[in-house]
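A structural walkthrough
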Amino acid sequence: MAADWNARQYLKFEDERTRPSRDLLAQVPLADAAFVVDLGCGPGNSTQLLAERFPGAEVLGLDTSPDMLAAARARLPDARFEAGDASTFTLDKPADLIFANAVLQWVPDHATLLPRLMTLLAPGGVLAVQMPDNLDEPSHVAMRESAMSGPWADKLSEASRARAVLPEPGGYYDMLAPHAARVDIWHTIYNHPLDGVSAIVEWLKSTGLRPFLDPLEGDERAEFLEDYAARLSDCYRPRVDGKVLLAFPRLFLLAVKK
């Protein structure tokens, strides 16, 4: 069983992690909403944005992580938070907005998943999705190289399969268009100034590195991270002020139900 997510680790970079949620929510074409769902709500940073945008709405946050749900409940005691998996959750009434920020990249079979999510919306409701699209970035190539090169290779043979390569935008359009009056798809590349390679490692410990770290313990985990950081040092050179720029491509999907 995989280790639980760590809300405190995740929130070390809260501002950078919340920015894509803000950018996605800014494109949601709803003047108001009665019922909004934050799918994969994490520690509630994205849920807070939804509650502020739609102050009269019933807000439901769903996540599979007990630690994330506990952090979200502490952050927003007036919202409702429940355990729920993106592939199987159900709603007792149609939602005006299903907001899925940085979660669906962990969920397989998008050709089945996205049409299913559209069925949970009210007419005119919105599905808003943001996913990291960074598996070809040096930060993630180095994970796979480290995994294959050390004494831990057998333990980590499945780690790189935790996330599948995302379909092309055209593929997503074809999944959503039959169910939608409008589909909008775009990429944004964020370039985050971070305090050196060690900060990149800290950022990814709570997300992309989890499938690689969870099977390891103690010295083995430390040695893996040392190998990984050395590979990053070859790819992320210090800028004029000593910081490094972490390029982070993200894919955005927005569909308005017919």
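For the structure, see preceding data.
Residues numbered from 1 in each chain as written. Predicted model: local features only at pLDDT ≥ 70, side-chain atom pairs only at ≥ 80, totals over all residues. Heavy atoms only, no water.

Describing the overall build of the protein
- What the protein contains, in helices and strands, is 10 helices and 7 strands.
- By the compact-globule yardstick of 18 Å for 258 residues, the protein fits well, its C-alpha radius of gyration being 19 Å.
- Principal-axis analysis of the C-alpha atoms gives the protein an extent of 50 × 40 × 40 Å.
- Residue burial in the protein is summarised as follows: out of 258 residues, 50% are buried.
- Taking all contacts inside the protein whose residues are at least 6 apart in sequence as the whole, residues at least 24 apart take part in 77%.
- Carbon together with sulfur atoms contributes 51% to the accessible area of the protein, which is approximately 12,000 Å² in total.
- Within the protein, the 37 negative side-chain charges are centred at a point lying 3 Å from the centre of the 26 positive side-chain charges. (Helix = DSSP H or I, 4+ residues; strand = E, 2+ residues; numbered from the N terminus. Rg over C-alpha atoms; globule rule 2.2 N^0.38 Å. Buried < 20%, exposed > 50% of the residue type's maximum accessible area, 1.4 Å probe, protein only. Contact = heavy atoms within 4.5 Å. Areas by Shrake-Rupley, 256 points an atom, 1.4 Å probe, with all protein chains shown as cover. Lys, Arg positive; Asp, Glu negative; His and termini not counted. Charge placed at Lys NZ, Arg CZ, Asp CG, Glu CD.)

What about the packing of aromatic side chains?
- A full pass over the atoms with the stated rule returns 5 aromatic pairs.
- The interplanar angle of 45° and the centroid separation of 5.8 Å between the aromatic rings of W203 and F248 together place this pair among those described as tilted. Placement of the pair is W203 in helix α8 (residues 197-205) and F248 in strand β7 (residues 244-257), with a sequence separation of 45 residues.
- According to the relative accessible area criterion, W203 is buried, its value standing at 0%.
- Look at F224 and Y228: their rings are 6.5 Å apart centre to centre, the planes differ by 10°, and that puts the pair in the stacked class. Separated by 4 residues within a single helix, F224 and Y228 lie in helix α10 (residues 218-233), roughly one turn from each other.
- Residue F224 is classed as buried on the basis of its relative accessible area of 0%.
- Residue Y228 is classed as buried on the basis of its relative accessible area, which comes to 0%.
- Here a set of aromatic residues connected by ring pairs shows up, and it is made of W152, F212, F224 and Y228.
- Sitting above the plane of the F35 ring, K93 keeps its charged end 5.1 Å from the centroid.
- The lysine or arginine in question, R250, covers the ring of F248, its NZ or CZ lying 3.9 Å from the ring centre. (Phe/Tyr/Trp six-rings, centres within 6.5 Å; stacked < 30°, edge-to-face > 60°. Lys NZ or Arg CZ within 6 Å of the ring centre and 35° of its normal.)

Describing the pairing of β7
- Most of β7 is tucked away, with 12 of its 14 residues classed as buried.
- With 7 bridges joining them, strand β5 (residues 121-132) and β7 adopt antiparallel strand pairing. Bridged to A128 within β7 is L254. (Pairing = 2+ DSSP bridges.)

A word on the pattern of salt bridges
- Taken as a whole, this structure holds 11 salt bridges when the rule is applied.
- A salt bridge links E158 to R161; its shortest N-O distance comes to 3.0 Å.
- Classification of E158 by relative accessible area gives exposed; the value is 51%.
- Judged by relative accessible area, R161 falls into the exposed class, the value being 57%.
- Measuring nitrogen to oxygen at the nearest pair gives 2.7 Å for the salt bridge that ties D227 to R231. (Salt bridge = Lys/Arg side-chain N within 4 Å of Asp/Glu carboxyl O.)

Some thoughts on the environment of M118
- Tracing the chain through its elements places M118 in helix α5 (residues 110-119).
- For M118, a relative accessible area of 1% corresponds to the buried category.
- Between the C-alpha atom of M118 and that of A230, which follows or precedes it by 112 residues, the distance is 44 Å.
- Among all residues touching M118, those that are not within four sequence positions of it are L127, L176, H179, A180, A255, V256 and K257.

Comments concerning the packing of α5 against helix α7 (residues 169-176)
- Across the interface, α5 lies against α7 with an axial gap of 9 Å and an inter-helix angle of 45°. Relative to α7, the element α5 lies oblique. In this structure, the crossing between α5 and α7 has a hand that is right-handed. Residues H110, A111, L114, P115 and M118 of α5 touch α7, and the partners they reach there are Y172, M175 and L176.
- Here the residues of the contact of α5 with α7 are counted per class, giving 7 nonpolar, 1 polar and no charged. (Axes fitted to C-alpha atoms, helices over the stretch in contact; angles between N-to-C directions. Parallel < 35°, antiparallel > 145°, perpendicular 65-115°, else oblique. Left-handed = near helix turned anticlockwise from the far one by under 90°. Nonpolar A, V, L, I, M, F, W, Y, C, P; charged D, E, K, R; others polar.)

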